[in-house]
Amino acid sequence: MNPAPDLANGCEGPTTAEEFRRIWPDTRAFHTVEGRAVAIVEAEQMTKVFRRPDKGPGLRGSLKHLFVRRFDDKVAVDHVDLSIEAGEAVAYVGPNGAGKSTSVKLLSGILVPTSGTVRIDGLSPQKDREEVAKRIGVLFGQRTQLWWDLPVRESFAVLRDLYSIDHGTFRQRLARFNEVLELEELMPVLGRKLSLGQRMRADLAAAMLHAPRVVYLDEPTIGLDLSVKDRVRQFFRTVRDEGTTVMLTSHDLGDIEGFCRRLVIVDTGRVIFDGDLKAVKDAFARERILHVETETAVPLDTAREILPNAVVTAGENPTRFSIRFDRFVLTAGHVIGAVTALSNVVDFSVDEPGIEDVIRRVYSGDLQLAGEAA
Amino acid sequence: MNPYLALARAQARSVLAYRGNFALGLGGFLFQLVALLAVWRVVLSNGPIGSFDWPQMRSYLLVAFASGVIVGMGADYRMASRIVQGDVALDIVKPVDYQRARFAEAFGGVWIEVAVVLLVGGVTLVLFGGMAWPGWSETMLFLCSMLLLFPLKFLVVYMSGLACFWTQHYVGIQWARVAVVNLFSGALIPLAYLPSWLAAAAKWSPFAGLTSTPGLILVGQAPGREGFVLVAVQLFWVVTMWLAARGLWNKAMARLTVNGG
């Protein structure tokens, strides 16, 4: 029986670049043809249709359904074409019910597409499920792959054996993850006793333990507090820098910013944008809202006069109000300066629009992104 | 370590996590055993009915108890709830065969069930007097039959768990399974007491291997060739159901939906 890994026993992560590449292969290296990266994940006309019972309202409807079965087809993913290159980091965003999770489950081989094809590393996840499983890592923010009734270190040991990772490599990888995720303190804790933040740290390590070529992160920071979020984000940035292909779905702009260059927006199962994240942000997430609290009441009309390019709205009492402005027209400093001239500012905060705001405006037809699709 | 062994070992360690729940679940089987022992003792007090006398019935009921406990203490709930909750998504992205992995886990968890069976069997025999052992060859055949009981019970439980892919709920399936297994395996009453047409159907069904086959061999009611035939039928069903379960799994995968997260 092999001893359980114990980070406290002075195991160190790799110290040289060469050693590091031994335990952590660069996926980009496997997927280049004549120096050019090739697709590692490919979806062609990927479609998923769910059949759901169409019951009439109330008990009557339910009873009727027992005898006359009617079903309704819901198209969750609608003819999606997507190609992700090795080493690429892609954010997949969309509102609830847009088909994000379903897409991830199709692209990782969990669900079978109703029509169209998915290939991972050239393999069909349905025909070569076990081969594909070795090459992908999956993290679902709302589920855990840790063994509920075992200490975290035992869960890792089981995963080590499931993926046939040799002991030396395993220890070195864990030691490396430990640097960012601080796993050491979690090692003796039972899976079910972990807090959400602890669980996510352990789950991230679990998803990456076999150095997958592609990793799918589905809402990896959901419900986490800021400090854990930062750590988790730092971890997946590290992973990306080391050459792992990452596909991330999230509601949280903070996850996406500074992480990936490519943004895919989905709505009602269709890809409505696929292109450069920065371009979208520069173009559309330019609005800022400054919430101000002043010492004395400020007449809003005066404020409007001195800030003609902004929209001033009243707050819950006369000393509070909000100013909406375009960050390419005004700066926050300028706005604060203008308000200070009217009264002393006691407190203020700035709202930045989330990617969701951008997306919402895309749906409402305010924004035309389609022309920008890469 | 072999991946399947690793899963078995993880499960072997996990079974101790819910001792209270295990004890309560066990209580259910124990009460049933005690009740059946009490009833049959009265019924058979005036001499044998049909082919069973009281000492035979005692041994037979112990086999029925064992067949209830083996792969019966939570393995079914575990498998079913992973499917109902959608955690099965994470099992699909593991580089192991799903069915073999679940089999390995059931195997890992069986040690405590076997320990309980041996303990309860021993205590019962002490309290109610010993049992008549059949000859050597029958004993060996009985042990083979008990060994086959494990994969057979696993497959019955596993396939009923897979049914959750269609029903999205387990309780109804479990009740149906328990009712069918109790009747057709002879766990509630020996098949010989059923109407002959039903007894014949049950005898060749996969369920007979769960109690009737090892039970009859143990009490000496399936002597010689008949015992071998019954064990061969048991083996046939293990192989057939293993393949059928694979087919069922493939069908389930094609229609899998995992909602939320």
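Residues numbered from 1 in each chain as written. Chains lettered and ligands numbered in written order. Predicted model: local features only at pLDDT ≥ 70, side-chain atom pairs only at ≥ 80, totals over all residues.

**A look at the overall build of chain B**
From N to C terminus, chain B includes 12 helices and zero strands. Starting at the N terminus and ending at the C terminus, chain B contains elements arranged as α-α-α-α-α-α-α-α-α-α-α-α. Here chain B has a C-alpha radius of gyration of 19 Å; the compact-globule value for 261 residues is 18 Å, and the two agree. In terms of its C-alpha atoms, chain B occupies a principal-axis envelope of roughly 65 × 40 × 35 Å. Across the 261 residues of chain B, 40% fall into the buried class. Taking as baseline every contact in chain B between residues at least 6 positions apart, the subset at least 24 positions apart corresponds to 80%. (Helix = DSSP H or I, 4+ residues; strand = E, 2+ residues; numbered from the N terminus. Rg over C-alpha atoms; globule rule 2.2 N^0.38 Å. Buried ≥ 20, exposed ≤ 12 C-beta atoms within 10 Å, placed from the backbone. Contact = placed C-beta atoms within 7 Å.)

**Some thoughts on the overall build of chain A**
For chain A, the helix and strand inventory stands at 14 helices and 15 strands. For chain A, with 374 residues in total, the buried portion stands at 39%.

**Focus: the packing of helix α6 (residues 152–162) of chain A against helix α1 (residues 3–14) of chain B**
Direction vectors running N to C along α6 of chain A and α1 of chain B enclose 160°, while the axes themselves pass 7 Å from each other. Considering the angle they form, α6 of chain A stands roughly antiparallel to α1 of chain B. When the axes of α6 of chain A and α1 of chain B are compared, the crossing they make is left-handed. For the pair formed by α6 of chain A and α1 of chain B, the contact residues are E154, V158, D161 and L162 of chain A on the first element and P3, A6, L7 and A10 of chain B on the second. Tallied by class, the residues present in the contact of α6 of chain A with α1 of chain B amount to six nonpolar, no polar and two charged. (Axes fitted to C-alpha atoms, helices over the stretch in contact; angles between N-to-C directions. Parallel < 35°, antiparallel > 145°, perpendicular 65-115°, else oblique. Left-handed = near helix turned anticlockwise from the far one by under 90°. Nonpolar A, V, L, I, M, F, W, Y, C, P; charged D, E, K, R; others polar.)

**Things to note about the interface of chain A and chain B**
Counting from both sides, the interface comprises 29 residues of chain A and, opposite them, 23 residues of chain B. Of all the secondary-structure elements, those providing two or more residues to the side of chain A that touches chain B are α4 (100–107), α5 (129–135), β7 (136–140) and α6 of chain A. Ranked by the residues each element gives to the side of chain A that touches chain B, the list is headed by α6 of chain A, at four residues. Residues belonging to the side of chain A that touches chain B are distributed by class as follows: 13 nonpolar, eight polar and eight charged.

**A short note on the confidence of the model for chain A**
Atom-level detail of predicted coordinates should not be read off regions where pLDDT is low. Looking at chain A, pLDDT values average 83 and 87% of them are 70 or higher. Note that residues 370–374 of chain A has pLDDT below 50 and, in this model, nine contacts with residues that lie over four places away or in other chains. (pLDDT = per-residue confidence, 0-100.)

**Some remarks on helix α7 (residues 167–181) of chain A**
Turn by turn, an α-helix covers 3.6 residues, leaving residues three or four places apart pointing in a common direction. All names here are of chain A. With 15 residues, α7 ought to run about 21 Å at 1.5 Å a step, and its terminal C-alpha atoms sit 20 Å apart, in line with that. Buried within α7 we find F170, R171, Q172, R173, L174, R176, F177, N178 and L181. Of the surrounding secondary structure, the elements contacted by the buried residues of α7 are α1 (17–23), α6, α8 (196–208) and α9 (226–241). Where α7 terminates, the next one or two residues include E182, which has phi positive at roughly 50°. (Expected span 1.5 Å × (residues − 1).)

**Here we look at the sheet that holds strand β14 (residues 320–326) of chain A**
Residues and elements named next belong to chain A. One open sheet holds the four strands; their spatial order is β13-β14-β12-β15, and the pairing between them is antiparallel. Each of the sheet's edge strands pairs with one partner strand only, and the pair in question is β13 (311–314) and β15 (345–351). Each adjacent strand pair in this sheet contributes to an overall mean axis angle of 20°, direction not counted. Looking at chain direction, β13 and β14 are connected through four bridges and run antiparallel. (Pairing = 2+ DSSP bridges.)

**Considerations on the pairing of strand β9 (residues 245–249) of chain A**
All names here are of chain A. Within β9, five of the five residues are buried, which leaves it mostly tucked inside the rest of the structure. Side chains T245, M247 and T249 of β9 all project onto a buried face; the interleaved residues V246 and L248 project onto the opposite face, where all are buried too. The sheet contact formed by strand β5 (residues 89–93) and β9 spans four bridges and is parallel. Note that in β9 the partner of Y92 across the bridge is T249. Looking at chain direction, strand β8 (residues 214–218) and β9 are connected through five bridges and run parallel. Paired with V215 across the bridge in β9 is V246.

**A few points about the packing of helix α4 (residues 75–85) of chain B against helix α7 (residues 136–162) of chain B**
Residues and elements named next belong to chain B. Where α4 meets α7, the closest approach of the two axes is 9 Å, and the angle between their N-to-C directions is 25°. By the angle between their directions, the pair α4 and α7 is classed as roughly parallel. Between α4 and α7 lies a crossing of right-handed hand. For the pair α4 and α7, the contacting residues are A75, D76, M79, A80 and I83 in the first and V157, Y158, S160 and G161 in the second.

**A closer look at the nonpolar core**
Of all hydrophobic cores here, the largest spans 145 residues; its most connected members are A91 and M247 of chain A. Per-element tally for this core: the top contributor is α7 of chain B, with 11 residues. When sequence neighbours within four positions are dropped, the list of residues in contact with A91 of chain A reads L248, S250, I256, C260, R262, L263, V264 and L277 of chain A. Formed by 10 residues, the second largest nonpolar core is a distinct cluster that contains V292, V312, V335 and V339 of chain A. (Core = buried A, V, L, I, M, F, W, Y, C linked by C-beta atoms within 7 Å.)

**Side note on unusual backbone geometry**
All names here are of chain A. Located in the positive-phi region is Q45, a residue other than glycine, with phi close to 50°. Take Q45: it is sitting in strand β3 (residues 39–53). Within the chain, D121 stands out as a residue other than glycine whose phi angle is a positive 55°. With respect to the helices and strands, the residue D121 is situated in the loop between β6 (115–120) and α5. Given 22 C-beta atoms within 10 Å, D121 falls into the buried group.

**Thoughts on the sheet that holds β3 of chain A**
Residues and elements named next belong to chain A. In spatial order, the strands read β4-β3-β6; together these three strands make up an open sheet with antiparallel pairing. Where the open sheet ends on each side, the last strands, each with one partner, are β4 (71–85) and β6. Geometrically, the sheet is characterised by an average inter-axis angle of 25° between neighbouring strands, direction not taken into account. Two strands pair when backbone bridges link them, and β3 and β4 are joined in this way by 11 bridges, in the antiparallel orientation. Considered in β4, the bridge of R51 is made with D73.

**What to know about the confidence of the model for chain B**
When the pLDDT values of chain B are averaged, the result is 90; 98% of them are 70 or greater. Quick note on the complex model: pTM equals 0.82, ipTM equals 0.88.

**Digging into the environment of R246 of chain B**
Tracing the backbone shows R246 of chain B in helix α12 (residues 225–255). A sequence separation of 160 residues divides R246 of chain B from G86 of chain B, and the C-alpha atoms of the two residues are 19 Å apart.

**Topic: the environment of A176 of chain B**
Residues and elements named next belong to chain B. One can find A176 in helix α9 (residues 171–184). Residue classification places A176 among the exposed positions, given that 12 C-beta atoms sit within 10 Å. Sequence separation of A176 and S160 is 16 residues, and the distance between their C-alpha atoms is 9.3 Å.

**A closer look at the environment of I217 of chain B**
All names here are of chain B. Along the chain, the position of I217 falls in helix α11 (residues 212–218). For I217, a count of 27 C-beta atoms within 10 Å gives the class buried. Along the chain, I217 and L33 lie 184 residues apart, while their C-alpha atoms are 20 Å from each other. Sequence-distant contacts of I217, defined by excluding residues within four places in its chain, comprise E138, L141, F142, S145, A222 and G227.

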